[in-house]
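Examining the three-dimensional arrangement
Residue-level listing of the chains:
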Amino acid sequence: MGILKTAIIGAAVYAGVKYITKKDPVTGQSIVDDLFDRAPQWADKAKGYAEELKTRASNAAEDLAR
């Protein structure tokens with residue numbers, strides 16, 4: 001039973017990796033290529049959200065201290 005379960009999980013992982021690395025015939029990019037291209041933009045957005053959250057937390061702390 002363990003070998004069958006491992007084989008099924010392995011096949012699913014292989015199929016998933018094959019799918020996300022397959023090149024699109026129109027653009028010539030895979031899903032992974034697209035993610036790597038967008039990652040710097042998402043990191044910048046996350047930094048902005050982190051700064052906003054820090055500001056809100058400090059404002060809330062000041063309000064509670066009053």
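The name given to the chain in an unreviewed UniProt entry is YtxH domain-containing protein, with Pedobacter miscanthi as the source organism.

The next subject is the overall build of the chain. Helix and strand content of the chain: two helices and zero strands. Overall, the chain is about 60 × 40 × 10 Å in size when its C-alpha atoms are taken along their principal axes. By the burial criterion, 2% of the 66 residues in the chain qualify as buried. Accessible surface computed for the chain: about 6000 Å², of which carbon and sulfur atoms make up 66%. Distance between charge centroids for the chain: 8 Å, based on 10 positive and 9 negative side chains.

A surface patch of nonpolar side chains, about 500 Å² in accessible area, is lined by Y19, I20, I31, L35 and W42. Sorting the residues of the nonpolar patch by element identifies α1 (2-20) and α2 (31-65) as the ones contributing at least two each. Broken down by element, the nonpolar patch gets its largest block of residues, three residues, from α2.

Taking 1.5 Å of rise per residue, 35 residues should cover 51 Å, and α2 covers 48 Å from first to last C-alpha, within 8% of that figure. The axis of α2 is deflected most strongly, by about 40°, at A39, and proline P40 appears within four residues downstream.

A separate point is the environment of A46. Looking at the element boundaries, A46 is found in helix α2. Here the alpha-carbon distance between A46 and I31, two residues 15 residues apart in the chain, equals 21 Å.

Rules of the game
Once a new chain begins, its residue numbering starts again from 1 and follows that chain's sequence as written. pLDDT decides what is reported in this predicted model: residues at 70 or higher carry local features, side-chain atom pairs at 80 or more are listed and counted, and totals for whole chains, interfaces and linings draw on all residues regardless. With hydrogens and water excluded, all non-hydrogen atoms of the structure serve as input to the side-chain values. Elements are defined by DSSP. Helices are runs of H or I of four residues or more, strands are runs of E of two residues or more, and each kind is numbered from the N terminus. We call a residue buried when its accessible area falls under 20% of the maximum for its residue type, exposed when it is over 50%, and partly exposed in between, using a 1.4 Å probe and counting protein chains only. In this description, accessible areas are obtained by the Shrake-Rupley approach with a 1.4 Å probe, and a residue is regarded as covered only by the protein chains that are shown. Charged residues are defined narrowly, with Lys and Arg counted positive, Asp and Glu counted negative, and His plus the chain ends left uncounted. Where a charge sits is defined by one atom per residue type, namely NZ (Lys), CZ (Arg), CG (Asp) or CD (Glu). For patch building, the residue pool is restricted to those with more than 30% relative accessible area and no salt bridge; the joining distance is 9 Å between like charges and 5 Å between nonpolar side chains (Val, Leu, Ile, Met, Phe, Trp, Tyr). When a carboxyl oxygen of Asp or Glu is within 4 Å of a side-chain nitrogen of Lys or Arg, the pair counts as a salt bridge. Here, expected helix span is obtained from the residue count minus one, scaled by 1.5 Å. Note that the bend at a residue is defined as the angle between axes fitted to the seven residues ending at it and the seven residues starting at it.

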